Amino acid sequence: ECPAAHPSGVSARLRARGLKAYRALRCEGVARIDFRLDPKNEPFCLEVNTVPGMTETSLVHKAAAAVGMSYEDLVREIVTAAENSPAHRARSAH
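Residues numbered from 1 in each chain as written. Predicted model: local features only at pLDDT ≥ 70, side-chain atom pairs only at ≥ 80, totals over all residues. Heavy atoms only, no water.

Draft legend 1. Fine view of the environment of Y71. One can find Y71 in helix α3 (residues 71-83). C-alpha separation for the pair Y71 and V60, spaced 11 residues apart in sequence, amounts to 9.5 Å. Ignoring anything within four residues of it in the chain, the contact list for Y71 reads M54 and H61. (Helix = DSSP H or I, 4+ residues; strand = E, 2+ residues; numbered from the N terminus. Contact = heavy atoms within 4.5 Å.)

Take a look at the structure:
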């Protein structure tokens, strides 16, 4: 299920910790941050995947669909973000 069903308050902590990890690692574009919950529903980060898959069984497009974004809009958003990234702008300036 995507997004997974969680007890009250857990989803907000997952989002906050995911965003914190994304920013701390200076990720750009799409990243998938995997968490597990301990027996007390406290999240811990397993990994940060900066190149998540885009196949039929991958979670990125399922997460996008869960917030009302089509696959085409997701791809457009990824391309736009890449074109506007500092790394792309630096390469384009030379």
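Draft legend 2. The arrangement of the pairing of strand β1 (residues 32-37) in detail. Pairing geometry for β1 and strand β2 (residues 43-49), over 6 bridges, is antiparallel. For I33, the partnering residue across the bridge sits in β2 and is V48. Between β1 and the antiparallel strand that follows it, β2, lie 5 residues; N41 among them carries a positive phi value of about 65 degrees. (Pairing = 2+ DSSP bridges.)

Draft legend 3. A look at the environment of F35. Relative to the assigned elements, F35 resides in strand β1. Assessed through its relative accessible area of 17%, F35 is described here as buried. Residues F35 and L14, spaced 21 residues apart in sequence, show a C-alpha to C-alpha distance of 7.6 Å. Setting aside its immediate chain neighbours within four residues, F35 contacts L14, R17, G18, P43, F44, C45 and L46. (Buried < 20%, exposed > 50% of the residue type's maximum accessible area, 1.4 Å probe, protein only.)

Function cannot be read off these values alone, since they describe shape.
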